[in-house]
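For reference, the chains in residue letters:
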Amino acid sequence: MLSGQIADGFATIFIGELIDRFGHFKIWHGAGSVLVAVSFSSVFGGCMPCRILSTSTLKVETISYCVFAAIFNVGWAATQVAHMSMVNCITLNSTSRVVLTSCRNAFTMVANLSLYAIAFIVFSVSTAKTHADLENQYRWIAYSSIFIGCCFVGIFLSRTEEPRLKMGLRGNSHARISWAYWFKKILYYQVALVYMLTRLVVNVSQAYLAFYVINDLRMGQSAKALVPAIIYICSFIVSILLQEMAWTGQRLKAYYSAGGILWVFCGAGILILPMNMSAFMLLE
């Protein structure tokens, strides 16, 4: 996971710079999707270099998964940066941009819900009695998500027009701002810090939630899919409600602060939640 996050950090910077220079959002999105599909299937398909080298040492396995995790995150960065950049090029209207971004977040949650629905079905239908059975369960989940994702990527690339550079009110194209310009702005560091801490909370909770409900609370295998699914259903509903609001700076700060406080209280509740009250996990 560390190698993947490092690769993601560097790739996001360089891919963003290349997209700014050359454009071609759909090409970057398609290429990144291919990398994601190939590397993701390789991670869950087993150690490919181990089969090629006819060895299964821990060092070879670690290097293999680190490399494919890095490739996955490079592809993920290309896909995400290209897709998010398209929002700013499709329209210059700030309200339309908010709606597009909100819809993007909402359907990201729909995609996550679909994945957890697949996982819930797999865990409910098949029983993992051995380690090999458990691996097969995750392979079914991974390959199903890859297949569905490739179908929707194909629809997106074939039905979406390549955005062009939008013109200003006087007919002039917007001048390109140097990347060094942002390092002189305090707002840049404020937004980066807030976003980084928010993503840190989300990523850590997603990574360890499955281990917590199974190993600590001793809930059923289906809880690995059910508990995150409840989280995303609530997030989807709130995202739809918030996009209908008229946003101001003060209202934005107030809602963000309220969300942060809720995270803190729920995290504290989960920390002290005993095993015999595991049902309250669904409420938190």
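Residues numbered from 1 in each chain as written. Predicted model: local features only at pLDDT ≥ 70, side-chain atom pairs only at ≥ 80, totals over all residues. Heavy atoms only, no water.

The protein is annotated in an unreviewed UniProt entry as Major facilitator superfamily domain-containing protein 12 from Citrus sinensis.

Asks: So what's going on with the pattern of salt bridges? Which residues, and what values?
Replies: Counting across every chain of the model gives 2 salt bridges. Across the pair Arg 21 and Glu 17 runs a salt bridge whose closest N-O atoms are separated by 3.1 Å. Taken as a pair, Arg 21 and Glu 17 lie in helix α1 (residues 2–22) at a separation of 4 residues, close to a single helical turn. On the basis of relative accessible area, Arg 21 is assigned to the exposed category, the value being 54%. (Salt bridge = Lys/Arg side-chain N within 4 Å of Asp/Glu carboxyl O. Helix = DSSP H or I, 4+ residues; strand = E, 2+ residues; numbered from the N terminus. Buried < 20%, exposed > 50% of the residue type's maximum accessible area, 1.4 Å probe, protein only.)

Asks: Could you give me a rundown of the environment of Trp 76, with the residues and numbers involved?
Replies: Mapped onto the fold, Trp 76 is located in helix α4 (residues 58–90). Taking the relative accessible area as the measure of exposure, Trp 76 reaches 40% and is therefore partly exposed. Separated by 47 residues in the primary sequence, Trp 76 and Phe 123 have C-alpha atoms spaced 27 Å apart. Those residues in contact with Trp 76 that sit more than four places away from it in its chain are Asp 8 and Val 36. (Contact = heavy atoms within 4.5 Å.)

Asks: Go over α1, please, and point to the residues and values.
Replies: Since the α-helix turns once every 3.6 residues, residues separated by three or four places project in the same direction. Counted at 1.5 Å a residue, the expected span for α1 with its 21 residues is 30 Å, and the 30 Å between its end C-alpha atoms agrees. Taken residue by residue, α1 has Gly 4, Ala 7, Asp 8, Ala 11, Ile 15, Gly 16, Glu 17 and Ile 19 as its buried positions. Packing partners of the buried residues in α1 comprise α2 (25–44) and α4. Directly after α1, the chain includes Gly 23, whose backbone phi takes a positive value near 75 degrees. (Expected span 1.5 Å × (residues − 1).)

Asks: Describe the environment of Val 227, naming the residues involved and giving the relevant values.
Replies: With respect to the element layout, Val 227 can be found in helix α8 (residues 223–242). The class for Val 227 is buried, based on a relative accessible area of 4%.

Asks: So what's going on with the side chain of Thr 79? Residues and values would help.
Replies: Here Thr 79 shows up in helix α4. At a separation of 2.9 Å, a polar atom in the side chain of Thr 79 contacts the main-chain carbonyl oxygen of Gly 75. Apart from the residues within four sequence positions on either side, Thr 79 is in contact with Trp 28, His 29, Gly 32 and Ser 33. (Polar contact = N/O pair within 3.5 Å; in protein donor to acceptor, adjacent residues only side chain to side chain.)

Asks: I'd like a description of a nonpolar patch on the surface, backed by residues and values.
Replies: A cluster of nonpolar side chains, contributed by Ile 177, Trp 179, Tyr 181, Trp 182, Phe 183, Tyr 188 and Tyr 189, occupies part of the molecular surface with about 750 Å² of accessible area. Inspection of the secondary structure puts Tyr 188 in helix α7 (residues 186–216). (Patch = residues over 30% accessible without salt bridge, like charges linked within 9 Å, V, L, I, M, F, W, Y side chains within 5 Å. Areas by Shrake-Rupley, 256 points an atom, 1.4 Å probe, with all protein chains shown as cover.)

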